[in-house]
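Commentary on secondary and tertiary structure
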Amino acid sequence: MWRSESVRSLGAQARGLALVVGAVAVVAALPSAVVPARAANDIVIGSKEPGSSFYTYAAAIADVLSKHAGKTGKVLSVAGAGVFLPMMENKEADLGLVSHYEGWLARKGKKPFPKAYDVQLVLVGGGFHVGLYVRNDSPIKSRKEIKGKRIAYKYSGTPGIHVYAEAEIANVGYDWKDLKPVPRTSLYAGQRDDVKEKRLEVFYASVGSGVTRELDSTVGIRFLGLDTSPEAVARMKKVYPVVISKVKAGPPGIREDMTLVKLPVYLISHKTVSADTVYLALKTLWDHNDALMKASKRTKSWTKDNFADEQATLPYHAGAVRFYKEKGVWTKAMEANQAQLISGK
């Protein structure tokens, strides 16, 4: 069953989404639902369900497009990319929000996606840094010293975390047999006790998460920076397409400047979506970037300075390429990366 209603009426479900949206609509659907007719003036954005960060991002984008693009932004609220990507192929959706790894899996046709989708990048939005950390009183000073130490793995409830953590240890040439891995169901359930009671010795988490903030204020924790040599980064990319960036000292557990993995959020489209539609959406979000960043605390990091990224793991859509070239931000490195991504090498 389909339904359409204003974002204002779903605000409570969106966990504090502070948006007052006039023309924006939300469409919630089951995968087997019959797709209603869409208006010619709509720009439909695929998103996960209310309460997720992705929903907040989509609602903010729809709001900006509705107010400034002469279009009606609509949020297609579904279980995830597995639902809205087939709709993009059928021209029932125009844009969508995914993690960069999810987008990469979709383009490659790797599980959980049943086939490859010709997904293409519009812009790189916000994201967060992740990495390995230890208690501040730990004798471990670098990643090389984690060999033989106890660390969580498998994460049966969220298997993607296992992949992320595997890349972190591959950074220094290790795999699970080089450590003492201990199965865990989820990332954060029990992590406080694992740290406080010293059940484990090395931990994986995101910088600035509620758990790491709490632990740094009580026990004291310390993130371990990456080996940024080309060889070390290449080892990580054999596990999944990592993106790395520098982090300044200051956040909980970041006691010195270092480089960590960044997990960016991608606004994507599909080859079947017209270049003009993508160009207009991107131009609007660029020209009204302040409005996008002020829409929610979660979109505060969606600065246009990050939209065009030389480390992109998906090729950019033709409409996006045209826009970035006009703005003079399409670099030689981006062109080379684009060619490599399109070739599939």
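Counting starts from 1 at the beginning of each chain's written sequence and moves along it residue by residue. pLDDT decides what is reported in this predicted model: residues at 70 or higher carry local features, side-chain atom pairs at 80 or more are listed and counted, and totals for whole chains, interfaces and linings draw on all residues regardless. Only heavy atoms go into the side-chain values, all of them from the structure, while hydrogens and water stay out.

A word on the pairing of strand S5 (residues 95-99). Among the five residues of S5, five are classified as buried, and the element is accordingly described as predominantly covered. Because side chains alternate across S5, one face comprises the buried residues Leu95, Leu97 and Ser99, and the other comprises Gly96 and Val98, equally buried. Two elements, strand S3 (residues 42-47) and S5, share two bridges in a ladder whose sense is parallel. Paired with Ile45 across the bridge in S5 is Leu95. In terms of strand pairing, S5 meets strand S12 (residues 258-270) through four bridges, oriented antiparallel. When the sheet's bridge partners are listed, Val98 is paired in S12 with Tyr266. Exposed residues in this analysis have more than 50% of their type's maximum accessible area, buried residues have under 20%, and partly exposed residues fall in between, with area computed by a 1.4 Å probe over protein chains only. By the criteria applied, helices consist of DSSP H or I runs no shorter than four residues and strands consist of E runs no shorter than two, each listed in order from the N terminus. When DSSP locates at least two bridges between a pair of strands, those strands are taken to pair.

Aromatic contacts are taken between Phe, Tyr and Trp rings whose centres are within 6.5 Å, Trp giving its six-membered ring; a plane angle under 30 degrees counts as stacked, one over 60 as edge-to-face, and the others as tilted. If you walk through the whole model with that rule in mind, you get 17 aromatic pairs. Between Tyr316 and Trp330, the ring centres sit 5.7 Å apart and the planes meet at 80°, which makes this aromatic pair edge-to-face. Remark: Trp330 occurs in the loop between helix H10 (318-327) and helix H11 (332-343) and Tyr316 occurs in the loop between helix H9 (289-294) and H10; sequence separation between them is 14 residues. Just as Tyr316 is buried, Trp330 falls in that class too. Counting every residue linked through ring pairs, the aromatic cluster contains Tyr279, Trp286, Phe307, Tyr316, Phe323, Tyr324 and Trp330. In this scheme, Lys NZ or Arg CZ marks a charge over a ring once it lies within 6 Å of the ring centre and within 35 degrees of the ring normal. The ring of Tyr279 is capped by Arg322, whose NZ or CZ atom sits 4.3 Å from the centre of that ring.

Within S12, 13 of the 13 residues are buried, leaving the element largely enclosed by the surrounding structure. Summarising the sheet, strand S6 (residues 119-135) and S12 pair through nine bridges and their orientation is antiparallel. Looking at the pairing, His129 lines up with Lys262 of S12. As judged from the four bridges shared by strand S11 (residues 244-247) and S12, these two strands associate in the antiparallel manner. Within S12, the residue paired with Ser245 across the bridge is Leu260.

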